[in-house]
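# A look at the structure
Below are the chains, spelled out letter by letter.
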Amino acid sequence: MRDSYLIYIASSVFAVAVLTLLAMLVDDPTLKSSHYWNVTLQQFMYVMAFVFAFFTFVYMTYVGGFFIQQQRLEFKTYFKLGMSKFAIALISFLETIVVQLIAWVIGMLLAVILQKFIGMLLVYLMRIDLTFRFYLSMDVIWIMLKTGFYSSIILSLLNGFRAYLILRERKKKQHFYNNWFIRSLLGIFGVVLFLSGVALTMPLLSMSSEIGRNDDSMILTFIIGLLYVFGSYFVFRGFLPLVLEMLDRIKFFSYRGTNLFSFKYLHQRLVKNTSIIWFITELSALAVAMLVFCYAGYQIVYQDYQISYSFSLVSTKDQAGAVEQQLKDHGTKVKERYHTPIKRTIAEIWDYSSKEYTPRLVSVMSYDNYLKLPQRITKKNPSIKSGDFLEIKGELSALTPNYNNIEHPISVKNAPKITARKVGSMFPYGSRMYSGLMLVVPNSYYRQINSDASETFYGWDVKGADKMSATAIKRLKQKEHQYYLTVHVKSSLNKSYITKSDKLDGKYLGTNQYIQSSFVRQEVTKNIVRQATGFFLFLITTFSIALLIALGSLLTLKVLLRDDYEWRQLKTLKRIGASENEIKVIIKKETALLFGMPMIFALIQSFLVIGILKLVFSTTNQFASFVLIGLSYVLLYGLTGVLTYILSWRGVKDKL
């Protein structure tokens, strides 16, 4: 019990420390000096602290029940010796409140010690140019002390009530599920459900995100999730006991010496812990899937940022001179300057929602001018040759169904129809400078296009920051030459035309009206993206790792906590001649099975997230991140399993 209490206190200390750190970071003055922390990120930290507090309470409540169940024979002995139910419940109450208060005090002290280090880590991930200073908020400390006191009282009352219920005389109910035959049928049914989920996951990975199929695919994903959850439950609760019972009856193991008793001990230990194995499996799968999902989300956000801002500064021809002058005035080091002419015309694009062709504004760039752009831009689109067409779409590709569909040709005004083409998402001067679709076409095709509204884009790559002051940006905004383009749809594509105006008729853009920005600066958005991605990476990683550690500690406690009957089994093995090494092997197998089964089933189920990402976000390169996160999960649980085995064997050795 000593090691068990130490594990329980250590895991509780970790949870309290993380909760206290989150609470301290919310009102930290260093973080408050960042503009975006006060605007948005602080609210997310509040929410995360509340969510983590809820899960911490659930964890402590759940684990507290282990120890009460472990002491049930001890409580019944006290009761038979004449101790009242109230006195026994009071013992449980006092025992729990002492353990909880110790965990809260140590956890809060640990949080105070680690506060500066964790704050520096968060500032580093958010890439904020700040010196994080140690700050101890007495208001936060007082709130956490009150929270710890009230939660300790509630948990102690719950455990006292549990101890009281144990002493009540109750007739054991015979549930139909306890019938060996029914449990076996449900176990076989669980295997069918789980394997069906695996079989359906494979085609999900090859599905494309298309309108008409997207809704059906999401329903299929939900069904697969249910198959995994219920299938794994019936496998652990029904099929695993069935397999163990069959091995017992067909004498698969040689019943000579101590093998009979060893197998029976493992059999009973595994069957007893099937519920906790299933619980840990599902939450572990959720934690791994959440990590993969958030990492993919980070990649998508960063990809969208790169698509929106391909240069440090971008402008149209009318404002290029003013931007160049500001760069000279501020001494900005410009690495490269680019400029590219484009033509604008009208094309009929297939609309997947309305199932018809719709006239839209199209920007066109020649192949030769496209090749003059930096390779970091062109390499993010499919490679093309001089005779190829490249379609660059304005929507975020990750969220757009049918993004890569090219079965519908594009009809361009007064030009040949485009049938074969490649599809990309990286706009040469950033998507913020474009409205609608863009085409990169062969030089000969480009010359055939009669442009209704030509333009030249300018881009600057600077070394470090652009050094522009707020006053300079304000001057550029005052000189902004943005304008509006309107597509006038007529009876045929060739009769349609584009008009350009400096003002917008009405308050909002119409169906075929587009705005052309004259100046886009990357610096501000770069800071926002860096801070937001670093912040969420910190939060999600902290939450997932804490969840995995909590689940690992649950398994550790389950291995370490043995009732009197299980101790008698081990002592019987010792009496009939089992050597120390043979008992050690039993403990090793028990730990390996209790940690190995949740690990395998969790990884199989969490692989579903790859299909969801491909379906919802059209991402096809997340397998490597899944493998990396999965290996980290195996390493973390493996180390926890090794530590559990060492503690378990030490406890068994001392007691035997």
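That block above? That's the structure.
Calculation rules
- Residues numbered from 1 in each chain as written.
- Predicted model: local features only at pLDDT ≥ 70, side-chain atom pairs only at ≥ 80, totals over all residues.
- Heavy atoms only, no water.
- Helix = DSSP H or I, 4+ residues; strand = E, 2+ residues; numbered from the N terminus.
- Buried < 20%, exposed > 50% of the residue type's maximum accessible area, 1.4 Å probe, protein only.
- Contact = heavy atoms within 4.5 Å.
- Areas by Shrake-Rupley, 256 points an atom, 1.4 Å probe, with all protein chains shown as cover.
- Pairing = 2+ DSSP bridges.
- Axes fitted to C-alpha atoms, helices over the stretch in contact; angles between N-to-C directions.
- Core = buried A, V, L, I, M, F, W, Y, C linked by side-chain atoms within 4.5 Å.
- Parallel < 35°, antiparallel > 145°, perpendicular 65-115°, else oblique.
- Left-handed = near helix turned anticlockwise from the far one by under 90°.
- Nonpolar A, V, L, I, M, F, W, Y, C, P; charged D, E, K, R; others polar.
- Phe/Tyr/Trp six-rings, centres within 6.5 Å; stacked < 30°, edge-to-face > 60°.
- Lys NZ or Arg CZ within 6 Å of the ring centre and 35° of its normal.
- Patch = residues over 30% accessible without salt bridge, like charges linked within 9 Å, V, L, I, M, F, W, Y side chains within 5 Å.
- Salt bridge = Lys/Arg side-chain N within 4 Å of Asp/Glu carboxyl O.
- Lys, Arg positive; Asp, Glu negative; His and termini not counted.
- Charge placed at Lys NZ, Arg CZ, Asp CG, Glu CD.

## As for the overall build of the protein
- Looking only at helices and strands, the protein has 20 helices and 12 strands in total.
- In the protein, which comprises 656 residues, the proportion classed as buried is 50%.
- Looking at the protein alone, contacts between residues at least 24 apart form 83% of all its contacts between residues at least 6 apart.
- Carbon and sulfur atoms form 62% of the exposed surface of the protein, whose accessible area is close to 32,600 Å².

## Examining the environment of Y59
- Residue placement: Y59 occurs in helix α3 (residues 35-70).
- Along the chain, Y59 and A550 lie 491 residues apart, while their C-alpha atoms are 7.5 Å from each other.
- Those residues in contact with Y59, other than ones at most four positions away along the chain, are S11, S12, A550, S553 and L554.

## Some remarks on the sheet that holds strand β10 (residues 497-501)
- With respect to topology, 3 strands assemble into an open sheet ordered β10-β9-β11, the strand pairing being antiparallel. The outermost strands of the open sheet, each flanked by one partner alone, are β10 and β11 (513-516). Here the average twist between neighbouring strands, direction ignored, is 25°.
- Looking at chain direction, strand β9 (residues 483-488) and β11 are connected through 4 bridges and run antiparallel.

## A few points about the pairing of strand β3 (residues 356-366)
- Taken across its 11 residues, β3 has 8 buried, putting it largely inside the fold.
- The pairing of β3 with strand β7 (residues 437-441) spans 5 bridges and is classified as parallel. Its bridge partner being in β7, S363 is matched across the sheet by M438.

## Some thoughts on the nonpolar core
- L22, L25, M45, L122, F538 and L554 are the most contacted members of the largest nonpolar core, which has 86 residues in total.
- I307, F311, L373 and V529 belong to the second largest nonpolar core, which has 25 residues in total.

## Looking at the packing of helix α5 (residues 85-126) against helix α6 (residues 138-166)
- At their nearest, the axes of α5 and α6 sit 7 Å apart, and the two run at 155° to each other. The orientation of α5 relative to α6 falls into the category roughly antiparallel. Here α5 and α6 pass one another in a crossing that is right-handed.
- Looking at side-chain class alone, the contact of α5 with α6 contains 16 nonpolar, 10 polar and 1 charged residues.

## Brief notes about the packing of aromatic side chains
- Taken as a whole and assessed by the stated rule, the structure comprises 15 aromatic pairs.
- Consider the rings of Y233 and F234, whose centres lie 5.7 Å apart with planes at 65°: the pair is edge-to-face.
- Residue classification places Y233 among the partly exposed residues on the basis of a relative accessible area of 27%.
- Ring centres 4.9 Å apart and planes at 55° place the aromatic pair F236 and F601 in the tilted group. Here the residue F236 occupies a position in helix α8 (residues 214-249), and F601 occupies one in helix α18 (residues 580-606), the gap between them amounting to 365 residues. Each member of the pair F236 and F601 is classed as buried.
- These aromatic residues form a ring-pair network of at least three members: F189, Y233, F234 and W278.
- Directly above the ring of Y446 sits K343, whose terminal nitrogen or CZ lies 4.5 Å from the centroid.
- Over the ring of F311 we find R376, and its NZ or CZ is 5.1 Å from the ring centre.

## Quick word on a positive patch on the surface
- A cluster of like positive charges, contributed by K333, K335, K463 and K467, occupies part of the molecular surface.
- Turning to its location among the elements, K333 is positioned in the loop between α11 (317-329) and β2 (334-351).
- Owing to a relative accessible area of 54%, K333 belongs among the exposed residues under this scheme.

## Description of the packing of helix α4 (residues 72-80) against α5
- Direction vectors running N to C along α4 and α5 enclose 145°, while the axes themselves pass 9 Å from each other. Of the two possible hands of crossing, α4 and α5 adopt the one that is right-handed. Taking contact as the criterion, the partners of F75, Y78 and F79 in α4 are, on α5, K85, I88 and S92.
- Taken together, the residues that form the contact of α4 with α5 break down as 4 nonpolar, 1 polar and 1 charged.

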